[in-house]
Amino acid sequence: MAAAYPATNFHSVNLQQFADDVDKATAGKLKITVHAGASLFKAPEIKRAVQGGQVQAGEIIFANFQNEWQIYGADGLPFLADSYAESNKLYAAQKPLIEKKLAEQGMRLLYAVPWPPQGIYTKKPLASAADLKGVKWRAYSPATSRIAELVGAQPVTVQAAELSQALATGVVEATMTSGATGVDSKLFENLKYYYDMQAWLPKNGVLVNKQAFDALDKATQGAVLKAAADAEARGFAASQKVNVDTLEKLKAYGMQVVTPSPQLKADMKKVGDTMLKEWLDKAGPEGKILIDAFKKS
Ligand code: PCA
């Protein structure tokens, strides 16, 4: 099992628990070794590695793969689904499409868990989005790069495993991510402000190579699916708890955790509106069906 985030991150802890549950339920017949921290493959390489069978399973962040297929990026769009309840609804609408696409790609979705809501980390205070002009902005996905372009910042794509170093060396000076990654990557060492935008909740998905899964006997497959369903429910609850806890930790480390001004919020909402339009243009009829299903739910 290849994973991209540190072993102490709540997604990784949940994944380890999943592996332990499978071990127990199969009386040691199926052992899953979690390789966290992008130690096996870098975040953007994990999906292909699972598809090609270099590793039997892996955890990805769907939003990283928006350029491959727009539907993967739906949960990375600012202010489309910006609470846990909305995230759940969007997942329900996305899930059948993602399962079908992954099946075509020779994989199977085991479970998905949202990151906590995304906010903006900066060195200097932000009155409005104009204060982001020219700022070296760390992106982790096509959508977070696009946000930078729309506010006039300079996007640099850096995955979480390299974020601390990119900040320490001055390659980047702002980012948009969760409180969880803020704590994981000690963003308070280089940045001073966290604007709690609650803009979107990107999901991680745990995938298994279909051939590897099909090769398991029926009882083992059942144990994996049961442990996956448990991990999904456990992860959803953990994400909400981590959201509260990490914002408290950021404050304890001296970070200013700020409610965005109405102007900043309005500016970012406008960015979100533009991005949804662009996304719908690229996603075509499938995208419209997804958004309609989500809005109706
Ligand atoms: N942390 C990951 C993705 C979303 C999040 O909250 C990151 O910053 O790379």
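To be clear, the structure that these remarks concern was listed above.
Bear in mind the structure is a predicted one, so any value in this text is a computation, not a measurement.

Position of M176 relative to the elements: it lies in strand β6 (residues 174-177). Accessibility expressed as a relative area gives 2% for M176, which makes it buried. Distance from M176 to I120, taken between C-alpha atoms, is 4.4 Å for residues 56 residues apart in sequence.

Looking now at the pairing of strand β1 (residues 57-61). Across the five residues that make up β1, a large majority, five, are buried. Of the two faces of β1, the one carrying A57, E59 and I61 and the one carrying G58 and I60 are both buried. Across five bridges, the pairing between β1 and strand β8 (residues 203-209) is antiparallel. Note that in β8 the partner of A57 across the bridge is V208.

Here the focus is the layout of surface pockets. Counted as a void, the largest pocket has a volume near 260 Å³. What lines the largest pocket is a set of 15 residues, among which L30, I32, Q56, A57 and V208 lie closest to the centre. Looking at side-chain class alone, the lining of the largest pocket contains eleven nonpolar, three polar and one charged residues. The wall of the second largest pocket is formed by T8, N9, F10, A180, V183, D184, A238, K241, V242, D245, T246 and K249. The set of elements that each furnish at least two residues to the lining of the second largest pocket consists of α6 (179-184) and α8 (218-252). Of all the elements, α8 adds the most residues to the lining of the second largest pocket, at six residues.

Once that is clear, we can look at the site of the ligand. Near the ligand you find Y5, I61, W115, Q118, R138, Y140, A160, T177, S178, T181 and P202, and these make up its full shell. Interatomic distance of 2.8 Å between a side-chain N/O atom of R138 and an oxygen atom of the ligand. One of the side-chain N or O atoms of T181 is found 2.6 Å from a nitrogen atom in the ligand. Relative to its free-state accessible area of 260 Å², the ligand is covered by the protein chains to the extent of 100%. In this structure, the ligand is accommodated by the largest cavity. Residues that form the shell around the ligand fall into these classes: six nonpolar, four polar and one charged.

Calculation notes
- Residues numbered from 1 in each chain as written.
- Predicted model: local features only at pLDDT ≥ 70, side-chain atom pairs only at ≥ 80, totals over all residues.
- Heavy atoms only, no water.
- Helix = DSSP H or I, 4+ residues; strand = E, 2+ residues; numbered from the N terminus.
- Buried < 20%, exposed > 50% of the residue type's maximum accessible area, 1.4 Å probe, protein only.
- Pairing = 2+ DSSP bridges.
- 1 Å grid on protein atoms, 1.4 Å probe; cavity = no way out; pocket = protein on both sides within 12 Å on 5 of 7 lines; lining within 4 Å.
- Points joined across faces, edges and corners; volume = space filled by probe spheres on them.
- Nonpolar A, V, L, I, M, F, W, Y, C, P; charged D, E, K, R; others polar.
- Near = heavy atom within 4 Å.
- Polar contact = N/O pair within 3.5 Å; in protein donor to acceptor, adjacent residues only side chain to side chain.
- Areas by Shrake-Rupley, 256 points an atom, 1.4 Å probe, with all protein chains shown as cover.
- Sits in = over half its atoms within 2 Å of the grid points.

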